[in-house]
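Structural features, examined
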Amino acid sequence: MMSDRVRVDQTEQWRALRQHHRELGEPPLRELFASDPDRGRRYALEVGDLYIDYSRHLITDETLRLLHALAEARGVAELRDAMFRGEKINVTEGRAVLHLALRSPRDTRIEVDGENVVPAVHAVLDKMAAFAERVRSGEWKGFTGKPIRTVVNIGIGGSDLGPKMAYEALKPFTDRSIQARFVSNVDGADLHENIRDLDPAETLFIVSSKTFTTVETITNATSARRWLLSELGDESAVAHHFVAVSTNAEQVAKFGIDTANMFEFWDWVGGRYSVDSAIGLSLMIAIGPERFREFLDGFHLIDEHFRTAPPERNVPLLLGLLGIWYDDFHDAQTHAVLPYSHYLSRFTDYLQQLDMESNGKSVTREGEPVSWETGPIVWGTPGTNGQHAYYQLLHQGTKLVPADLIGFARPVEELGELADQHDLLIANLFAQGQALAFGKTAEEVAAEGIPAAQVPHRTFPGNRPTTTILADSLTPSVLGQLIALYEQKVFVQGAIWDINSYDQWGVELGKALAKRLEPQLTAATADTSDLDGSTAALVERYRALRGR
Ligand SMILES: O=P(O)(O)OC[C@H]1O[C@H](O)[C@H](O)[C@@H](O)[C@@H]1O
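Residues numbered from 1 in each chain as written. Predicted model: local features only at pLDDT ≥ 70, side-chain atom pairs only at ≥ 80, totals over all residues. Heavy atoms only, no water.

**Re the site of the ligand**
The full set close to the ligand counts 14 residues, and Ser159, Ser209, Thr214, Glu357 and Lys511 are the nearest of them. Contact distances for the ligand include 2.7 Å between an oxygen atom and a backbone N or O atom of lysine 210. In this structure, lysine 511 approaches the ligand through a side-chain N or O atom, which is 2.6 Å from an oxygen atom. In isolation the ligand exposes 390 Å². Once the protein is present, 89% of that is buried. The class makeup of the residues in the shell around the ligand is two nonpolar, nine polar and three charged. (Near = heavy atom within 4 Å. Polar contact = N/O pair within 3.5 Å; in protein donor to acceptor, adjacent residues only side chain to side chain. Areas by Shrake-Rupley, 256 points an atom, 1.4 Å probe, with all protein chains shown as cover. Nonpolar A, V, L, I, M, F, W, Y, C, P; charged D, E, K, R; others polar.)

**Topic: the pairing of strand β10 (residues 334-339)**
For β10, a buried count of six out of six residues is recorded, marking the element as mostly surrounded by other parts of the structure. Of the two faces of β10, both are covered, the one formed by Thr334, Ala336 and Leu338 as well as the one formed by His335, Val337 and Pro339. By the bridge criterion, three bridges tie β10 to strand β11 (residues 377-379) in an arrangement that is parallel. Bridge pairing in β11 links threonine 334 to isoleucine 377. With respect to chirality, the unit in which β10 leads through helix α16 (residues 347-359) into the neighbouring parallel β11 is right-handed. (Buried < 20%, exposed > 50% of the residue type's maximum accessible area, 1.4 Å probe, protein only. Helix = DSSP H or I, 4+ residues; strand = E, 2+ residues; numbered from the N terminus. Pairing = 2+ DSSP bridges. Right-handed = clockwise from strand over helix to strand, strands pointing away.)

**With respect to the pattern of salt bridges**
With the rule as written, the count across this model stands at 35 salt bridges. Here arginine 42 and aspartate 36 are joined by a salt bridge, their closest N and O atoms 2.8 Å apart. We classify aspartate 36 as buried; its relative accessible area is 16%. A salt bridge links aspartate 61 to arginine 42; the shortest N-O distance between them is 3.3 Å. Placement of the pair is aspartate 61 in helix α4 (residues 61-73) and arginine 42 in helix α3 (residues 39-42), with a sequence separation of 19 residues. Three or more residues are tied together by salt bridges with common partners; here these are Arg5, Arg74, Glu366 and Asp498. (Salt bridge = Lys/Arg side-chain N within 4 Å of Asp/Glu carboxyl O.)

**Some details on the packing of aromatic side chains**
With the rule as written, the count across this model stands at 19 aromatic pairs. Pairing phenylalanine 33 with phenylalanine 438 gives two aromatic rings, centres 5.2 Å apart and planes at 85°, and the pair type is edge-to-face. You can see phenylalanine 33 sitting in helix α2 (residues 29-35) and its partner phenylalanine 438 sitting in helix α18 (residues 422-438), a full 405 residues away along the chain. Here tryptophan 325 and phenylalanine 329 contribute two aromatic rings whose centre-to-centre distance is 5.8 Å and whose plane-to-plane angle is 35°, an arrangement assigned as tilted. Within this pair, tryptophan 325 and its partner phenylalanine 329 are both found in helix α15 (residues 315-329), separated by four residues, close to a single helical turn. For the pair formed by tryptophan 325 and phenylalanine 329, the shared burial category is buried. Following the ring pairs from residue to residue traces out a cluster consisting of Phe205, Phe212, Trp227, Phe242 and Phe255. Directly above the ring of phenylalanine 263 sits lysine 127, whose terminal nitrogen or CZ lies 5.2 Å from the centroid. (Phe/Tyr/Trp six-rings, centres within 6.5 Å; stacked < 30°, edge-to-face > 60°. Lys NZ or Arg CZ within 6 Å of the ring centre and 35° of its normal.)

**Notes on the sheet that holds strand β9 (residues 262-264)**
Strand pairs in the sheet, formed through backbone hydrogen bonds, run parallel or antiparallel to each other. Ordered by their spatial adjacency, five strands build an open sheet running β6-β5-β7-β8-β9, and the pairing between neighbours is parallel. Only two strands of the sheet have a single neighbouring strand rather than two, namely β6 (179-183) and β9. Strand-to-strand twist across the sheet, computed as the mean angle between neighbouring axes with direction ignored, equals 20°. Note: strand β5 (residues 150-154) against β6, five bridges, orientation parallel. (Axes fitted to C-alpha atoms, helices over the stretch in contact; angles between N-to-C directions.)

**Let's talk about the UniProt feature "active site" (unreviewed entry) in the protein**
When the UniProt feature table is mapped onto this chain numbering, "active site" (unreviewed entry) sits at Glu357, His388 and Lys511. In sequence the annotated residues extend across 155 residues, and in space they extend as well, their farthest C-alpha pair lying 36.9 Å apart. As for its placement among the helices and strands, glutamate 357 is situated in helix α16. Setting aside chain neighbours within four positions, we find glutamate 357 in contact with Arg272, Gln352, Asp503, Gln504 and Val507. At a separation of 2.9 Å, a polar atom in the side chain of glutamate 357 contacts the side chain of arginine 272. As for its position among the elements, lysine 511 is in helix α21 (residues 508-522). (UniProt positions renumbered as here; feature names shortened; annotations may be inferred. Contact = heavy atoms within 4.5 Å.)

**With respect to helix α5 (residues 76-84)**
Val76, Leu79, Arg80, Ala82, Met83 and Phe84 are the residues of α5 that are buried. Residues of α5 that are buried make contact with α4, α6 (99-102), α14 (289-308), α15 and α20 (476-497). One or two steps after α5, the chain reaches glycine 86, where phi turns positive at roughly 85°.

**Points about the packing of helix α8 (residues 161-169) against α16**
In the contact formed by α8 and α16, the axes pass within 9 Å of each other and the chain directions differ by 155°. Accordingly, the angle class assigned to the pair α8 and α16 is roughly antiparallel. Regarding α8 and α16, the two cross each other, and that crossing is left-handed. Packed against α8, whose contacting residues are Leu161, Gly162 and Met165, the element α16 presents Phe347, Asp349, Tyr350 and Gln353 at the interface. Residues of the contact of α8 with α16, tallied by class, amount to four nonpolar, two polar and one charged. (Parallel < 35°, antiparallel > 145°, perpendicular 65-115°, else oblique. Left-handed = near helix turned anticlockwise from the far one by under 90°.)

**A few points about the pairing of strand β13 (residues 466-471)**
On a regular strand, each side chain points to the face opposite its neighbour's, so the side chains alternate between the two faces of the sheet. When you tally the buried positions in β13, you get five out of six residues, the bulk of the element. When strand β2 (residues 50-53) meets β13, the two strands line up antiparallel, connected through four bridges. Bridge pairing in β13 places isoleucine 52 opposite isoleucine 469.

**A word on α4**
For α4, built from 13 residues, the straight-helix expectation of 18 Å at 1.5 Å per residue is met to within 8% by its first-to-last C-alpha distance of 18 Å. Taken residue by residue, α4 has Thr63, Leu64, Leu66, Leu67, His68, Leu70, Ala71 and Ala73 as its buried positions. Where α4 is buried, its residues touch α1 (12-24), α5, α15 and α20. Positive phi appears at glycine 75, one or two residues downstream of α4, with a value of about 70°. (Expected span 1.5 Å × (residues − 1).)

**A closer look at the nonpolar core**
Grouped together as the largest cluster of nonpolar side chains are 117 residues, with contacts concentrated most on Trp268, Phe347 and Leu479. Tallying contributions element by element places α20 first for this core, with 13 residues. The residues touching leucine 479, leaving out its near neighbours within four places in the chain, are Met165, Ala166, Ala169, Leu170, Phe295, Leu344, Phe347 and Leu474. (Core = buried A, V, L, I, M, F, W, Y, C linked by side-chain atoms within 4.5 Å.)

**Notes on the packing of α5 against α20**
Direction vectors running N to C along α5 and α20 enclose 120°, while the axes themselves pass 9 Å from each other. By the angle between their axes, α5 is oblique relative to α20. The hand of the α5/α20 crossing is right-handed. Mapping the contact onto sequence places Val76, Leu79, Arg80 and Met83 in α5 and Gln488, Phe491, Val492, Ala495 and Ile496 in α20. Split by residue class, the contact of α5 with α20 holds seven nonpolar, one polar and one charged.

As structure tokens, this is what we get:
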């Protein structure tokens with residue numbers, strides 16, 4: 001599948017990048033811009049509604065040439081094509097990776113084991129649309145005959161973060177008469193705070209779980225059902241107030257949800273890639289089927305771009321390569337995503353799972369330890385808030401933190417007069433990119449009459465790389481484009497690092513240990529002699545605090 005099996009850090013392309021990094025160091029962005037006045041326009045790309053400025057990176061044409069040579073040598077395009085063909089590139093689980101089929105037009109053909117999966121995708125989308133319309137119109141009634149006013153999605157990880165993020169992002173497109181809420185944490189406080197003011201007769205629970213075995217989700221769903229029954233008092237109420245989204249019909253039935261009210265997806269959709277599957281049902285109810293289709297079309301636009309655009313204009317490829325440049329050659333440990341949009345307040349949380357669960361790996365696809373850096377720590381919160389908190393470190397700290405700055409030209413219409421604040425928001429976005437890149441020299445500081453003793457403290461070294469992503473407005477399609485851009489970026493990086501981006505075995509150990517520990521917390525007599533000293537002491541302290 002890959003063009004060669006040589007370890008990536010042993011390839012001539014990797015060595016050439018090392019050498020290039022040694023020679024280039026951290027080229028001063030001030031000089032790069034001075035010597036190429038056109039750089040700001042030359043190092044910019046457009047795809048769909050997105051304008052991507054990558055001119056403020058510590059790169060030259062030669063850097064890009066070498067990075068693209070690495071991608072070519074590692075067979076990124078071949079692996080991409082294998083993914084699009086439905087081959088089982090998730091090698092450790094023997095699965096295809098086909099979230100891209102979820103957003104394919106009706107007439108596409110994508111086969112898994114000789115079967116075209118696109119008709120099934122559209123059958124589920126149609127079923128979701130019919131259901132969403134019934135809920136939105138009030139035709140779907142609760143047990144006592146009232147229409148639904150609140151939809152509560154119960155899920156965690158990929159069955160929570162996507163719809164929660166997208167619901168926040170697309171709030172202006174939602175039917176404000178129906179609210180969506182999201183419950184994920186096994187801490188009972190999450191469910192409590194989300195249902196305490198609700199009328200069960202007007203509440204619909206969507207139990208979302210790919211496996212339908214995730215302990216948090218099943219626990220919360222069981223508690224939600226108990227609450228509903230204690231209020232409505234009749235077992236037959238459940239069918240009016242609970243639907244499921246899952247790949248596991250058997251477990252759904254076992255839980256007591258009629259599989260007629262189940263919305264299906266498939267094992268070739270990873271949890272963190274599932275917001276555009278039936279996992280998006282709460283979002284579809286909120287924004288309506290047409291807007292949801294626009295959302296999917298946004299993803300599809302990027303998929304097609306990724307599949308067909310030449311390397312030098314291929315945005316996900318470029319973003320993936322830039323990440324590798326910092327991660328592996330500049331020793332950057334983290335990557336900040338800083339959206340200048342309050343509606344994207346959950347976007348970085350979402351990307352944390354997408355990126356860190358995909359590429360937080362340290363063995364290759366063949367199971368050999370890597371000797372290069374893989375996925376970065378992804379973090380960030382919306383601007384301008386972060387500016388008054390941690391940007392200090394971005395500007396003057398000792399760490400290199402490459403960042404994405406994301407903004408939209410047009411404020412949402414319903415802001416009315418508040419839209420006047422938008423220029424100030426965007427001025428901040430642009431200013432931060434400027435300050436991070438070009439800094440402020442000691443001479444410039446001194447020239448302002450700053451006392452000499454303060455000059456070093458008030459100097460900004462600059463040369464902190466950023467990508468700026470600008471779009472007209474945050475529509476469903478634009479959100480889909482943004483998500484797909486990061487999905488495919490993550491793919492590119494996984495392909496180059498030679499890791500499997502589509503499994504997540506690293507989450508299993510903690511789950512298994514928690515299952516074993518729970519009974520030891522409750523029974524004072526439970527034997528703790530099998531535990532390590534630290535855990536045993538914590539368990540004892542906990543029991544004492546709980547009077548057990
Ligand atoms: O959808 P579920 O099967 O309930 O899984 C929910 C989440 O939990 C797992 O532990 C994985 O780490 C995630 O990738 C997944 O999205």
